[in-house]
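Observations on chain architecture
Now for the letters of each chain:
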Amino acid sequence: MTEASVHEPTEPTRAAASGARVNLFGLDREAMAAFFRSHGESAFRAKQVMQWIYARGVTDFAAMTDLSKKLRDRLPTIAEIRPPTKIREQASADGTRKWLLAVTEDLDPDNAIEAVYIPEPDRATLCISSQIGCALDCSFCATGKQGLNRNLTTAEIIGQVWMSEHDLRAEGRVHGDRALSNIVFMGMGEPLANYRAVVPAIRILLDDYGFGLSKRRVTVSTSGMVPFMDRLREEVDVALAVSLHAPTDALRDELVPINRKYPLAELMGACDRYVAGKERRAHVVYEYVLLAGVNDTPAHAKSLAALLRDRPAKVNLIPFNPFEGSGYERPAEDRIRAFQDTLHGKGVRTTVRRTRGDDIDAACGQLVGRVASRQKRHFRDVPIRVESKRANPA
Ligand code: SAH
Ligand code: SF4
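Reference entry: report on the structure contained in this document. (Residues numbered from 1 in each chain as written. Chains lettered and ligands numbered in written order. Predicted model: local features only at pLDDT ≥ 70, side-chain atom pairs only at ≥ 80, totals over all residues. Heavy atoms only, no water.)

So, the environment of Ala 276
Basically, it comes down to this: Strands here mean DSSP runs of E at least two residues long; helices mean DSSP runs of H or I at least four residues long; both are numbered from the N terminus.
Tracing the chain through its elements places Ala 276 in the loop between helix H10 (264-275) and strand S12 (284-290). Through-space distance from the C-alpha of Ala 276 to that of Arg 233 is 9.7 Å; in sequence the pair is 43 residues apart.

Written out as structure tokens, the structure is:
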């Protein structure tokens with residue numbers, strides 16, 4: 001099986017090695033229990049502290065009154081609960097909000113990520129980033145144009161959710177006891193290229209002592225990193241969206257370069273394995289960006305329908321969101337409708353993603369944050385190593 005490509009230390013080991021405090025946003029329940037045990041405390045402290053952080057939104061150890069005074073005094077010397085720092089907040093006319101966030105590890109304003117809040121009548125979604133930039137270089141994606149600076153840590157991923165939940169709760173924007181009902185890994189970066197940090201983050205999102213979200217309301221979107229799709233299936237139970245964008249290898253090689261490594265036959269096999277044996281309604285959402293004159297003809301729609309025939313699938317059409325210098329255009333409305341009609345006619349469930357927040361460049365594929373480092377890398381420079389599975393060392 002597979003292992004993450006970059007052998008980065010996990011948060012507790014990195015913190016211990018440097019003498020720094022551990023950011024508790026980076027620890028799932030098991031890792032948090034291990035952290036307390038390693039400091040001579042009961043593993044049960046993990047549940048208590050997670051409830052303070054995620055249910056009550058408290059980051060000040062002194063306020064955690066069900067911990068002993070001794071532990072409350074000690075915790076600030078060994079741990080911290082540090083959300084990302086807001087650099088800018090923008091609100092769209094349609095209620096969408098975008099935050100530009102300095103990440104916690106380096107607090108460098110030239111390295112910032114974006115998270116987007118999308119309120120709808122029946123749900124409130126946060127679209128989060130998993131990397132600073134992205135190495136995979138899809139031809140129509142603004143993030144991809146930047147290359148990769150680095151992976152986010154689990155703490156930096158969870159920090160986006162906590163910060164947004166905290167702000168929205170403070171404004172009274174809650175449904176039940178939560179502000180956010182859905183999380184999608186559709187911001188900057190390829191989540192499965194940062195597998196090691198993303199999986200603990202998913203655990204925290206799903207954990208009743210974390211954000212307590214249902215598995216159908218957390219979606220990982222991947223451009224098709226096949227080995228990590230299989231691992232994900234084994235390790236956590238979340239919804240999967242796959243960025244298909246083309247029904248043939250020739251076209252997909254051009255639009256989504258990772259296809260040259262994991263072509264369609266392998267990708268579709270991984271999608272089938274992902275849903276095999278899951279509940280009856282389980283399906284993969286196939287994202288398909290519509291690029292005028294490139295992948296939006298009736299022939300493309302028919303060939304897409306043929307590819308998805310007999311598969312548990314929903315198609316989500318994303319009319320291209322333009323950015324400067326992209327070289328692509330969004331198809332006209334009637335063309336988008338015709339594409340959807342063709343798929344419907346062939347029995348493929350299809351929705352069109354309504355563009356949200358485009359007045360603040362918050363729509364899919366427009367997130368650029370700030371990626372100013374000289375270490376930027378592209379697909380061809382980043383080895384995707386496939387090794388045997390190891391126990392999570394956290
Ligand atoms: N890296 C992951 C998730 C982030 S992108 C992935 O590729 O799946 C979320 C979705 O937005 C993906 O389907 C992506 O292909 C799509 N996207 C990227 N650029 C876009 C653009 N300019 N217009 C519309 N959708 C875009
Ligand atoms: Fe990366 Fe996804 Fe953009 Fe492709 S579409 S470059 S995988 S963020």
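After that view, the rundown keeps rolling.
A look at the nonpolar core
Formally: For the purposes of this section, nonpolar cores are sets of buried Ala, Val, Leu, Ile, Met, Phe, Trp, Tyr and Cys residues that join through side-chain atoms within 4.5 Å. Note on classification: 1.4 Å probe, protein chains only; a residue is buried when its accessible area is under 20% of the maximum for its type, exposed when over 50%, partly exposed between these limits. All domain edges in this entry derive from an automatic or database-based domain assignment. Residues count as neighbours in contact if any of their non-hydrogen atoms are within 4.5 Å of one another.
Of all hydrophobic cores here, the largest spans 119 residues; its most connected members are Leu 24, Phe 140, Leu 232 and Tyr 286. Two domains share this core, each providing at least three of its residues, namely domain 1 (22-80) and domain 2 (85-377). Setting aside residues no more than four positions away along its own chain, Phe 140 makes contact with His 245, Leu 255, Val 256, Val 289, Leu 291, Phe 320, Phe 323 and Tyr 328.

So, the pairing of strand S6 (residues 123-127)
For a regular strand, the rule is simple: side chains alternate between the two faces of the sheet. Where we set the bar: DSSP-based pairing: two strands are paired if at least 2 bridges between them are found.
Summarising burial for S6: 4 of the 5 residues are buried, a large majority. The pairing of strand S5 (residues 111-120) with S6 spans 5 bridges and is classified as antiparallel. Its bridge partner being in S6, Val 116 is matched across the sheet by Cys 127. The antiparallel hairpin formed by S5 and S6 contains 2 residues in its connecting segment. Bridge analysis of S6 against strand S9 (residues 182-185) gives 3 bridges, and the strand direction is parallel. Paired with Leu 126 across the bridge in S9 is Ile 183.

Considerations on helix H3 (residues 45-55)
The α-helix winds at 3.6 residues per turn, so residues separated by three or four positions along the chain end up facing the same way. Inspection of H3 places Ala 46, Gln 48, Val 49, Met 50, Trp 52, Ile 53 and Tyr 54 among the buried residues, and these make up the whole buried set. For H3, the elements touching its buried residues are helix H2 (29-38), helix H6 (154-170) and helix H7 (195-206). A positive backbone phi angle near 70° is found at Gly 57, which sits one or two residues after H3.

What about the site of ligand 2?
Note the following rule: A molecule or strand has a residue near it when one of that residue's heavy atoms lies within 4 Å. For this classification, Asp, Glu, Lys and Arg are treated as charged, while Ala, Val, Leu, Ile, Met, Phe, Trp, Tyr, Cys and Pro are nonpolar and the rest, including Gly, are polar.
The full set of residues close to ligand 2 is Cys 134, Leu 136, Asp 137, Cys 138, Cys 141, Gly 144, Gly 189, Glu 190 and Ser 223. Broken down by class, the residue content of the shell around ligand 2 amounts to 4 nonpolar, 3 polar and 2 charged.

Thoughts on the site of ligand 1
Rules: Identification of polar contacts relies on pairs of N or O atoms within 3.5 Å, with a donor-acceptor requirement for protein atoms, meaning one able to donate a hydrogen and the other able to accept it, and with residues adjacent in sequence counted only if both atoms are side-chain atoms. Only the protein chains shown count as cover for residues, and the accessible areas themselves come from Shrake-Rupley with a 1.4 Å probe.
Around ligand 1, the structure places 20 residues, and the nearest of them are Phe 140, Ser 221, Ser 243, His 245 and Asn 321. Glu 190 is positioned such that a nitrogen or oxygen atom in its side chain is 3.4 Å from a nitrogen atom of ligand 1. His 245 is positioned with one of its side-chain polar atoms (N or O) 2.7 Å from an oxygen atom of ligand 1. Protein contacts shield 96% of the accessible area of ligand 1, which totals 530 Å² for the unbound molecule. Elements that contribute at least two residues to the shell around ligand 1 include exactly strand S10 (218-222) and S12. Here the residues of the shell around ligand 1 are counted per class, giving 9 nonpolar, 9 polar and 2 charged.

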